[in-house]
Amino acid sequence: MRGPISVAATIADLVPRRSGGLPPGQREVRAFPRFADKPLRPAPPIEPIALEVSVEGAERRTLTESDLGRHDVVELTRDFHCVTTWSHRGLRWRGVRFVDVVTDTFGAGVGDELPPYLVASAADGVSATFVTVDLLGHDVLLATDLDGAPLDRAHGAPLRLVSPGQYGYKNVKHLVGLDFRCRQPVSALGGKEHLRARVDREERHSTLPNWAVTIPNRLSIGPTALAAVRGLAR
């Protein structure tokens, strides 16, 4: 199980290193840290799964662990890529496919019938915006386990949205809401959030070029990860 890093564990484990086979602009780190835009924000306590799913605020359903349990469990090994340029390889996620859950909730033809945008919300007040179609691939999970153990507070318990083809800020921890929208939502992160954030296209920021954000982001990796350890203890 990958728990939160300790200060002793490492500065060395957070040093980004060049490594073959990574996407553009990424560097490998040995640790898989708790990481966030506001790293000192406390992680919420672990509660039973209660995922509220809605379409434009009109149709709402709350899905529990038992609802998710009706779907085939999937195990998926993927690398994780943070927008700040660090990558951690070989994470083993376990959960159910996002597309299976949404199809079951709203019926067949989900790709055509659902509104084009989505806001995913977390129990700690974080949210991310999406183009719905970006989440309909078979490698997008609603994950409950990481590396053979239930998710902990550091990595998103009890439920995490895992979208390996998008930067880490789209992989919402402590997931409690999926709200489908007809119009593009305003991002809670402002210009820092690219609507699609596809790793292979290096969509890091909605307005700034990559060269303007890559170096400041890389310099923030160690301080942010260590601050997040302190946030976990609050």
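Data block above holds the structure.
All values derive from a computational prediction rather than experimental measurement. (Residues numbered from 1 in each chain as written. Predicted model: local features only at pLDDT ≥ 70, side-chain atom pairs only at ≥ 80, totals over all residues. Heavy atoms only, no water.)

A. Expanded view of the overall build of the protein chain. When helices and strands are counted, the protein chain shows 6 helices and 11 strands. Burial statistics for the protein chain: of 234 residues in total, 52% are counted as buried. Excluding contacts between residues fewer than 6 apart, the proportion of contacts in the protein chain whose partners are at least 24 apart in sequence is 68%. Per element, the accessible surface of the protein chain, about 10700 Å² overall, is 53% carbon and sulfur. Separation between the mean location of the 30 positive side-chain charges and that of the 27 negative ones in the protein chain comes to 9 Å. (Helix = DSSP H or I, 4+ residues; strand = E, 2+ residues; numbered from the N terminus. Buried < 20%, exposed > 50% of the residue type's maximum accessible area, 1.4 Å probe, protein only. Contact = heavy atoms within 4.5 Å. Areas by Shrake-Rupley, 256 points an atom, 1.4 Å probe, with all protein chains shown as cover. Lys, Arg positive; Asp, Glu negative; His and termini not counted. Charge placed at Lys NZ, Arg CZ, Asp CG, Glu CD.)

B. Spotlight on empty space enclosed by the protein. One pass over the full model with this rule turns up 1 cavity of 30 Å³ or more. If you add up the space inside the largest cavity, you get close to 40 Å³. For the lining of the largest cavity, the element with the highest residue contribution is strand β4 (residues 74–81), accounting for 3 residues. Classifying every residue of the lining of the largest cavity by side-chain character gives 4 nonpolar, 4 polar and 1 charged. (1 Å grid on protein atoms, 1.4 Å probe; cavity = no way out; pocket = protein on both sides within 12 Å on 5 of 7 lines; lining within 4 Å. Points joined across faces, edges and corners; volume = space filled by probe spheres on them. Nonpolar A, V, L, I, M, F, W, Y, C, P; charged D, E, K, R; others polar.)

C. Region of interest: the side chain of Asp 145. Inspection of the secondary structure assignment puts Asp 145 in strand β8 (residues 141–146). Although Asp 145 is buried, it makes no salt bridge; Arg 94 carries the closest opposite charge, 4.1 Å away. Only 2.7 Å separates the side chain of Asp 145 from the side chain of Thr 144, close enough to count as a polar contact. Setting aside chain neighbours within four positions, we find Asp 145 in contact with Arg 92, Trp 93, Arg 94, Pro 150 and Leu 151. (Salt bridge = Lys/Arg side-chain N within 4 Å of Asp/Glu carboxyl O. Polar contact = N/O pair within 3.5 Å; in protein donor to acceptor, adjacent residues only side chain to side chain.)

D. Seen up close, the environment of Val 99. Structurally, Val 99 is set in helix α3 (residues 98–106). Distance in space between the C-alpha atoms of Val 99 and Val 29 is 31 Å, their sequence separation being 70 residues.

E. Structural context of helix α6 (residues 221–232). If you check α6, its first and last C-alpha atoms are 17 Å apart, about what 12 residues at 1.5 Å a residue would give, namely 16 Å. Most of α6 is tucked away: 9 of the 12 residues are buried. Those residues of α6 that sit buried are Ile 221, Gly 222, Thr 224, Ala 225, Leu 226, Ala 227, Ala 228, Gly 231 and Leu 232. (Expected span 1.5 Å × (residues − 1).)

F. Quick peek at the side chain of Ser 87. Mapping Ser 87 onto the fold places it in strand β5 (residues 86–97). Given the relative accessible area of 0%, Ser 87 is considered buried. Among the polar contacts made by the side chain of Ser 87, one reaches the side chain of Gln 26 at a distance of 2.9 Å. Leaving out residues up to four positions away in the same chain, Ser 87 has contacts with Leu 22, Gln 26, Arg 27, Glu 28, Val 29, Phe 80 and His 81.

G. Structural context of the sheet that holds strand β7 (residues 127–131). Reading across the sheet, the 5 strands line up as β3-β2-β11-β6-β7 and stay open at both edges, with mixed pairing between neighbours. Whereas interior strands pair on both sides, the edge strands pair on one side only; in this sheet they are β3 (59–64) and β7. The mean angle between the axes of side-by-side strands here comes to 15 degrees, regardless of whether they run parallel or antiparallel. With 6 bridges joining them, strand β2 (residues 50–55) and β3 adopt antiparallel strand pairing. Along β3, the bridge assignment pairs Ser 54 with Arg 60. (Pairing = 2+ DSSP bridges. Axes fitted to C-alpha atoms, helices over the stretch in contact; angles between N-to-C directions.)

H. Inspection of the layout of surface pockets at higher detail. Its boundaries defined by the atoms lining it, the largest pocket holds a volume of some 860 Å³. Considering the residues around the largest pocket, the lining is formed by 37 residues, among which Ala 36, Asp 37, Lys 38, Tyr 169 and Leu 189 are closest to the centre. Per-class residue counts for the lining of the largest pocket are 18 nonpolar, 10 polar and 9 charged. There is about 300 Å³ of room inside the second largest pocket. Lining the second largest pocket we find 18 residues, and of these Ile 49, Glu 65, Thr 144, Asp 145 and Pro 158 sit closest to its centre. Secondary structure elements with two or more residues in the lining of the second largest pocket: α2 (65–68), β5 and β8. In terms of residue class, the lining of the second largest pocket is built from 11 nonpolar, 3 polar and 4 charged.

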